[in-house]
Amino acid sequence: MGGFNEYDLGWSEAQSMIDEHDGIAQLRTILLQEPGREQWQQLCQILLEWPNASTLSAAVHYVLPHLESWPDTLRRPGYGWVADLQANGFRPYWEVVRCLDMFTTPDVFERLQEHAHRLTIRKFRWNSSKHTLDSFLELLSYPLLSQIESLDVSERQLHDDGLATLLEHPTVGGVKRLRLEACHLSAHGLQKLLQAPVFSALHTLDISRNGLGNKGMKYLADFEGESALRCLKMDYCGLSKMGARYLSFSSLLSGLESLSISGNPLLDSGIRILSERADFTWLRSLALSECGIGADGIRALSKVSFPALQELHLHQSVPGDVGAIALSRASLPSLVRLSLGFCGLGDEQLAALLQAPFWPQLEEIFLSHNDISDDGFSLMGRSVPPRLRMLNVSQNRITDQGMESFFVKGHFPDLERLYIEHNQVGDAGLLAMAQAKMPRLRSIQASSCNVGDHGIFSLCRASWSQQLHILWLCCNRIGEEGGRALFELAERASFGELNLANNKLPSSFVANAEGHPLRKKIRFLNLLGNMGEWGG
């Protein structure tokens, strides 16, 4: 819960110092929520717009201890912060930042460097193609970055020699999380990394989308040194059955908590080798999407003991009836997130999964781009996991009838995100959804459905409508009355994103919206493609 205790002395102390407005109360409300991008941006906006410069430091010192449990990746500069830095100079709110990008304008970095003693930067990302490796290494020598624990150099053309040069830099020696995705590396680059002193201290390594091939897996299998590695990601690296065989012999696997090797043509034979030989005792997350897995591969996985596995990703697999039944019988006592998008699942396969012992404990279910009809969705409605937080059933064959049957239960206490895009869901479906109790719902994605104004009226009257932060409704039939209803709702709610592109909003509505105060309130407001006609 963001590490906040409502009886914390910091609250009463800060409140006594700052009583001229409700800024601290707003910060307190955010800190009581689970950390997320939405919450972070709201916090950043409050600090940016803080009305009294003399009390801003007090506000920052109030939030700092409560942010320590928030992920560093989340704690980036807020929207408008860089522009404010350039226009008005350094302000105390920069002290909450833990993650920096390699800004394209050198003056930004120089200004932050002047206040390095007030900043604690733990993650740095090289995301600018305007900088060379030499200039990047020069920045790494700045005191501002002396404490980084996470380094991201993805999509930079390092090649093997550039990686070797990077690994020699003193600052890199303290890195625990290293991301090298799409850096034009070969198996020899991986070999150099395994031989570098920094590897023994790495906790997380993402080396996806590089040409490691089966030879790279042999280097992994031959590694015999000390390792603290817990998370390994090697998606789209050209591994085949032989690579799976080498990987299964690697001592590194036994200590992993997260393994992602999606996008490699392992096929059923490679999955069988991994299932029979690898030690997955401590594994909490496994991603095998787009690996050409069929029923035999699913059956092999289902025989493995995964006592700690919480996340299983099998997108673009083809389990069929046999695979679905085998998966439903798997021993997955800790599973809370299941991803089976693009798997050709129909109602019968879904019915088998609903009988799985792990089904009631799921919190996130991803079933987009399948063949689930109203019958299957209705059946799911009678077996909704009690702690469900996210449900994605986009691009299936669900209509209003399925929505009415699913939501007849009426109460979804933990549901936060719902994705129903590209289904034939219309006004009646939204009415059924609006009548359900969803006290934690924050995000709805219902683009490319069949929603008109009456459906929007139902949504705006829902008990949970004012708590929405993300609402995507592009490519529907929403007209001027529906648009006005949504704008009235947005004035009361805290929308961060409202997408109404490609509806039937008239040109006069779109023109008036350009100068509407909501333009400043909503971070992302999309009205493109509306001129009273589709694609106008």
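Sequence order sets the numbering: in each chain, residues are counted from 1 along the sequence as written. Per-residue local features of the predicted model are confined to residues with pLDDT of at least 70, and side-chain atom pairs are confined, for both listing and counting, to 80 or more; whole-chain, interface and lining totals are unaffected and use all residues. Neither water nor hydrogens contribute to the side-chain values; these are computed over all heavy atoms in the structure.

### Description of the packing of helix α11 (residues 241-248) against helix α12 (residues 267-277)
Viewed as axis vectors pointing N to C, α11 and α12 meet at an angle of 10°, and their least axial separation amounts to 8 Å. On the basis of their axis angle, the class for α11 and α12 is roughly parallel. Mapping the contact onto sequence places K241, A244, R245, L247 and S248 in α11 and S269, G270, I273, L274 and R277 in α12. Residues that form the contact of α11 with α12 fall into these classes: four nonpolar, three polar and three charged. Here an axis means a line fitted to C-alpha atoms, over the contact stretch when the element is a helix, while the angle between two N-to-C directions is reported on a 0 to 180 degree scale. The secondary structure listing takes helices from DSSP runs of H or I that are at least 4 residues long and strands from runs of E that are at least 2 residues long, numbered from the N terminus. Roughly parallel means an angle under 35 degrees; roughly antiparallel, over 145; roughly perpendicular, 65 to 115; everything else is oblique. Pairs of residues are marked as contacts when any of their non-hydrogen atoms sit within 4.5 Å. Gly is placed with the polar residues, together with every amino acid not listed as nonpolar (Ala, Val, Leu, Ile, Met, Phe, Trp, Tyr, Cys and Pro) or charged (Asp, Glu, Lys and Arg).

### Re α12
Inspection of α12 places D268, S269, G270, I271, I273, L274 and S275 among the buried residues, and these make up the whole buried set. Contacts made by the buried residues of α12 are with α11 and α13 (295-302). Exposed residues in this analysis have more than 50% of their type's maximum accessible area, buried residues have under 20%, and partly exposed residues fall in between, with area computed by a 1.4 Å probe over protein chains only.

### Considerations on the nonpolar core
Of all hydrophobic cores here, the largest spans 172 residues; its most connected members are F124, L151, L180 and L193. When residues in this core are grouped by element, the largest group, seven residues, is from helix α4 (residues 53-67). With near-sequence residues (within four places) excluded, L151 lies in contact with F124, F136, L140, L166, V172, V175, R177, L178 and R179. In this text, buried Ala, Val, Leu, Ile, Met, Phe, Trp, Tyr and Cys residues form a nonpolar core when linked through side-chain atoms within 4.5 Å.

### Some points on the packing of aromatic side chains
Only rings of Phe, Tyr and Trp enter the pairing, Trp through its six-membered ring, and a pair is recorded when the two centres are within 6.5 Å. The plane angle decides the type: under 30 degrees is stacked, over 60 is edge-to-face, the rest tilted. Tallied over the entire structure, the rule returns 16 aromatic pairs. When the centroid spacing of 5.8 Å and the interplanar angle of 5° are considered together, the rings of F124 and F136 count as stacked. Within this pair, whereas F124 is found in strand β2 (residues 123-125), its partner F136 is found in helix α7 (residues 133-140), the two being separated by 12 residues in sequence. Like F124, the residue F136 is buried in the burial classification. Geometrically, the ring pair formed by W472 and F524 is stacked, given 5.7 Å between the ring centres and 15° between the ring planes. On the criterion of sequence distance, the pair formed by W472 in strand β15 (residues 470-472) and F524 in strand β17 (residues 524-526) is long-range, its members being 52 residues apart.

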